[in-house]
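Observations on the three-dimensional arrangement
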Amino acid sequence: MKLVNFLTLGAIATGFAFAQEAAPEAAPANDPASIPSLYDMCKESLDAAKSKIPANGLDAKMTVVEAENTAASLKAAVEDDPVSAKSMGLASNCSLYVQMIKIQAESQTLRNR
């Protein structure tokens, strides 16, 4: 169990190190409706990660609940001020939760074998 935790933390740390490599594509500045909001991106990635959780992945399911709470907070913050530090911080938290969910789901899948 300690080895799994150590490897999970290592994978998360690696994710931090390489998170800034892929730059998002720039959308046309003249059409604000074509730019997805931070909440929409968070919700889409969260839904994609949720679909890969095995039935007995309780850790991942608990993390999904925490991530959904963060997404709700993000939605309120984006409605208030989309470019505030709070919105950016919550968006970053959401992406970290998605990474954690993916790692936990993968770990549970490996345990099931």
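Residues numbered from 1 in each chain as written. Predicted model: local features only at pLDDT ≥ 70, side-chain atom pairs only at ≥ 80, totals over all residues. Heavy atoms only, no water.

Okay, the environment of Q99 next. Position of Q99 relative to the elements: it lies in helix α4 (residues 85-112). With 54 residues separating them along the chain, Q99 and S45 place their C-alpha atoms 9.5 Å apart. (Helix = DSSP H or I, 4+ residues; strand = E, 2+ residues; numbered from the N terminus.)

Looking now at the side chain of T70. Relative to the elements of secondary structure, T70 occurs in helix α3 (residues 58-80). We classify T70 as buried; its relative accessible area is 10%. Apart from residues lying up to four places away in sequence, T70 is in contact with L90, N93, C94 and Y97. (Buried < 20%, exposed > 50% of the residue type's maximum accessible area, 1.4 Å probe, protein only. Contact = heavy atoms within 4.5 Å.)

Moving on: helix α2 (residues 38-50). In a regular helix each residue adds 1.5 Å, so 13 residues correspond to 18 Å; α2 covers 18 Å between its end C-alpha atoms and thus fits that length. Regarding α2, the residues found buried are Y39, C42, L46 and A49. The buried residues of α2 occupy an angular sector of 95° when projected down its axis, which confines them to one face. Next to the buried residues of α2 lie α3 and α4. (Expected span 1.5 Å × (residues − 1). Arc of directions from axis to C-beta.)

With that out of the way, let us pick up the state of the cysteines. In this structure the tally under the stated criterion is 1 disulfide. Paired through a disulfide, C42 and C94 show a sulfur-sulfur distance of 1.7 Å. Residues C42 and C94 share a disulfide whose torsion about the S-S bond is about 85°; that sign makes it right-handed. Taken together, the residues C42 in helix α2 and C94 in helix α4 connect sequence positions 52 residues apart. Each member of the pair, C42 together with C94, is buried. (Disulfide = S-S within 2.5 Å.)

At a minimum axis distance of 9 Å, the contact between α2 and α3 shows a crossing angle of 165°. Classed by the angle they form, the pair α2 and α3 counts as roughly antiparallel. Seen along the crossing, α2 lies across α3 with a hand that is left-handed. Two secondary-structure elements touch here, α2 through L38, Y39, C42, K43, L46 and K50 and α3 through V64, A67, E68, A71, L74, K75 and V78. Its residues placed into classes, the contact of α2 with α3 shows 9 nonpolar, no polar and 4 charged. (Axes fitted to C-alpha atoms, helices over the stretch in contact; angles between N-to-C directions. Parallel < 35°, antiparallel > 145°, perpendicular 65-115°, else oblique. Left-handed = near helix turned anticlockwise from the far one by under 90°. Nonpolar A, V, L, I, M, F, W, Y, C, P; charged D, E, K, R; others polar.)

What follows concerns the pattern of salt bridges. Counting across every chain of the model gives 2 salt bridges. The salt bridge involving K50 is made with D47; its shortest N-O contact spans 3.8 Å. Of this pair, K50 and D47 are both found in helix α2, 3 residues apart, which corresponds to roughly one turn of the helix. Residue classification places K50 among the partly exposed positions, given a relative accessible area of 31%. A salt bridge links K50 to E68; the nearest nitrogen and oxygen atoms lie 2.9 Å apart. One end of the pair, K50, is in helix α2; the other, E68, is in helix α3, and 18 residues separate them in sequence. (Salt bridge = Lys/Arg side-chain N within 4 Å of Asp/Glu carboxyl O.)

The subject of this paragraph is the packing of α2 against α4. The contact between α2 and α4 brings their axes to 9 Å, and the two run at 10°. Put simply, α2 runs roughly parallel to α4. Contacts between α2 and α4 involve L38, C42, S45, L46 and A49 from the first element and S87, M88, A91, C94, V98, I101 and K102 from the second. A per-class count over the contact of α2 with α4 returns 9 nonpolar, 2 polar and 1 charged.

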